2 protein chains.
Amino acid sequence: MSSSGDSMAQADDKGASRDTGTLGKLMVLLDLVTHADVPLRFTDILALANQPRGTLHRQLGHLVEEGLLELDAEGRYAPGLRLLDFASRSWARNEFRLIAAPHLAALHRETGETVHLGVLRGSSIIYLDKVEGHQPVRMYSQIGNASPCYCTGVGKAALSVLPRDKIEELLPGLHFNRFTSATHVNAESLLAEIREIAAAGHAFDREEHEAGIHCVAAPIWSDDRSFIGGVSVTGPAYRLSMELLQEWVVPVQVTARKIMDEMRIRLGPRR
Amino acid sequence: MSSSGDSMAQADDKGASRDTGTLGKLMVLLDLVTHADVPLRFTDILALANQPRGTLHRQLGHLVEEGLLELDAEGRYAPGLRLLDFASRSWARNEFRLIAAPHLAALHRETGETVHLGVLRGSSIIYLDKVEGHQPVRMYSQIGNASPCYCTGVGKAALSVLPRDKIEELLPGLHFNRFTSATHVNAESLLAEIREIAAAGHAFDREEHEAGIHCVAAPIWSDDRSFIGGVSVTGPAYRLSMELLQEWVVPVQVTARKIMDEMRIRLGPRR
DNA sequence: AATTAAGTTCCAAATAGTGGAATAAATAGC
DNA sequence: GCTATTTATTCCACTATTTGGAACTTAATT
């Protein structure tokens, strides 16, 4: 549940809003309401969205009518459940996840720790799958979550295989949020580590996103780098010592390799 | 995984499209692409959407740019991963689910079978949670899925507490899809069973949606009936005999009752 | 190389969105 | 219980976006 409230994991570039006309304006609103962690009243949204009252009112009305937002009896707006239906289909059909699933399970068996699969979207990592120990997992608590790329193992691994020009496009747009004392807070230190990761072929996260959580990750990419993600093994710092993290480097890399090999076969080599 | 491909679980009423202007048109497209079970090419969508080429092209472009759809190198459109981020937030914050979760777990412990929690949205049941045995659940395979109301235990239980006028609004819009030989295929037989269910306070599903699957469900509703859902225990027909189903009726009803009581406390009595 | 199909761009006309202001409804204060 | 104040909703002349037919470009096929 904890990491669910990461105050701001920008799902994509912010500033220069994309030119998607009416849709773009509505998506900004949807983002605003879904990223808040309590239902918002009309006036709250009015303040955040700076738009004229009339306009905002109609826009919210449309979003509600489409089931993307829900309006309760007390006049508060919350994310709508239609989003779940869309998402379940998006997830069920995702080819990358389907290919990776058995390899994640194998890695989980080998390490006994939680395994994550993530994809780079804009400057965020979207978690696509998770294999966790023992009890039934509250999956939505992690899957689908967008987390920043600069403070997660998968994120930093992904950045390490991003072409130079794409990195330079992305860096200026980052808003560094100091989650812990170990979080990167500027592009320079991040870039320096990215270079080390690129050379080593694996990334660590030592309590950069969440206190007490360690992680080791390896990147996954398509030949043309149009697709970039990563796989990681995560666990509590007291259990995943530096020695143990080091020990999982190869298994994680091997898993990433196997997934990439299978992608090349199933999705064709060029991409 | 199986029920994930239910060819058509209409997420809401079809025919008379709601008046949500530009957004409505785009949502129809998004629905179209997410409900297909393979990625669609431009021409495929052109045929399904009957819209002019130019218009469709721009609309798809906007959806892609916003991350709601993804366009691969071969020119095929698939659901976008941004949908996952929205959904994970929608799910994580859903109060009904949060309230129900411990009661579902208790029911699972008592019965040892799979427990589902669903909400009525339009003429579909959207599954909000699932507690399943043993191994880590592939949650998205069921959670978030929209299934028809007329052939699921939760769906029929929900209909049984829907006010008369709402039922009559809903029935004509239903498209009965014969999933098995036991599926209701017309409003009359459905309505007759709904009345029995209303009197009894519980619903059975005996292989109406999926062959070999039995289920017993009880409705959950807010005082003003603005919110309607249900809880169910599901399992293979060979194990859940008619006798055993009968035996779970009370536990399922008690669970529903407890959830409703807690909703009244936490969300206020009127709704 | 020619032919067909698939995808992309263009722009005047039609439509839908905008935003300020007025109205209505709900809350709080007296 | 009435008034003041905050909050939410409706209205409509003005403006911006969407529309859709056709022309154009690119890729695949014969």
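This write-up is about the structure you can find in this document. On a predicted model such as this, the values are computed, not experimentally measured, just so you know.

1. Concerning the packing of aromatic side chains
Okay, step 1: All told, the structure shown has four aromatic pairs over all chains when counted by the stated rule.
Okay, step 2: Seen from their ring centres, Tyr 150 of chain A and Phe 176 of chain A are 4.9 Å apart, and the 55 degrees between their planes marks the pair as tilted. On the criterion of sequence distance, the pair formed by Tyr 150 of chain A in the loop between strand S6 (146–148) and helix H6 (153–160) and Phe 176 of chain A in the loop between helix H7 (164–170) and helix H8 (187–200) is long-range, its members being 26 residues apart.
Okay, step 3: Overall, the relative accessible area of 1% leaves Tyr 150 of chain A in the buried class.
Okay, step 4: Between the aromatic rings of Phe 96 of chain B and Phe 227 of chain B, the centroid separation amounts to 4.5 Å while the plane-to-plane angle is 70 degrees, which identifies the pairing as edge-to-face. Highlighted residues: Phe 96 of chain B in helix H5 (residues 95–111) and Phe 227 of chain B in the loop between strand S8 (213–221) and strand S9 (228–236), separated in sequence by 131 residues.

2. Considering the protein's contact with DNA strand C
Okay, step 1: Lining the immediate environment of DNA strand C, one finds 16 residues, of which Thr 55 and Arg 58 of chain A together with Thr 43, Arg 53 and His 57 of chain B sit closest.
Okay, step 2: Within 4 Å of the protein, the contacting atoms of DNA strand C are drawn from sugar and phosphate to the extent of 70%.
Okay, step 3: In this structure, Lys 25 of chain A approaches DNA strand C through a side-chain N or O atom, which is 3.4 Å from a phosphate oxygen.
Okay, step 4: In this structure, Gln 59 of chain A approaches DNA strand C through a side-chain N or O atom, which is 3.4 Å from a phosphate oxygen.
Okay, step 5: Elements supplying a minimum of two residues to the surface near DNA strand C: helix H1 (21–35) and helix H3 (53–65) of chain A together with helix H1 (21–35), helix H2 (42–49) and helix H3 (53–65) of chain B.
Okay, step 6: It is H3 of chain A that contributes the most residues to the surface near DNA strand C, five residues altogether.

3. Focus: the nonpolar core
Okay, step 1: Residues Phe 96 and Ile 220 of chain A together with Phe 96 and Ile 220 of chain B are the most contacted members of the largest nonpolar core, which totals 66 residues.
Okay, step 2: Once residues within four sequence positions are removed from consideration, Ile 220 of chain B is found in contact with Phe 96, Leu 117, Phe 227, Ile 228, Gly 229, Gly 230, Val 231, Ala 256, Ile 259, Met 260 and Met 263 of chain B.
Okay, step 3: Counting 42 residues, the second-largest nonpolar core is a separate cluster that includes Leu 23 of chain A together with Leu 32, Val 33 and Leu 46 of chain B.

4. Topic: the pairing of strand S8 (residues 213–221) of chain A
All names here are of chain A.
Okay, step 1: Burial analysis of S8 places seven of its nine residues in the buried class, which makes it a mostly covered element.
Okay, step 2: Bridging between strand S7 (residues 203–206) and S8 involves four bridges; their strand directions are antiparallel. Note on S8: the bridge partner recorded for Phe 204 is Val 216.
Okay, step 3: Linking two consecutive strands that pair antiparallel, namely S7 and S8, is a turn of six residues; a positive phi of about 60 degrees is found at Glu 207 within it.
Okay, step 4: Of the pairings in the sheet, the one linking S8 to strand S9 (residues 228–236) comprises nine bridges and is antiparallel in character. Across the sheet, the residue bridging to Ala 217 is Ser 232, located in S9.
Okay, step 5: Following S8, the chain reverses through six residues before pairing antiparallel with S9; Arg 225 in that reversal takes a positive phi of roughly 60 degrees.

Procedures and definitions
- Residues numbered from 1 in each chain as written.
- Chains lettered and ligands numbered in written order.
- Predicted model: local features only at pLDDT ≥ 70, side-chain atom pairs only at ≥ 80, totals over all residues.
- Heavy atoms only, no water.
- Phe/Tyr/Trp six-rings, centres within 6.5 Å; stacked < 30°, edge-to-face > 60°.
- Helix = DSSP H or I, 4+ residues; strand = E, 2+ residues; numbered from the N terminus.
- Buried < 20%, exposed > 50% of the residue type's maximum accessible area, 1.4 Å probe, protein only.
- Near = heavy atom within 4 Å.
- Polar contact = N/O pair within 3.5 Å; in protein donor to acceptor, adjacent residues only side chain to side chain.
- Core = buried A, V, L, I, M, F, W, Y, C linked by side-chain atoms within 4.5 Å.
- Contact = heavy atoms within 4.5 Å.
- Pairing = 2+ DSSP bridges.

So, to be careful, I would describe these as geometric facts and stop short of saying anything about function.
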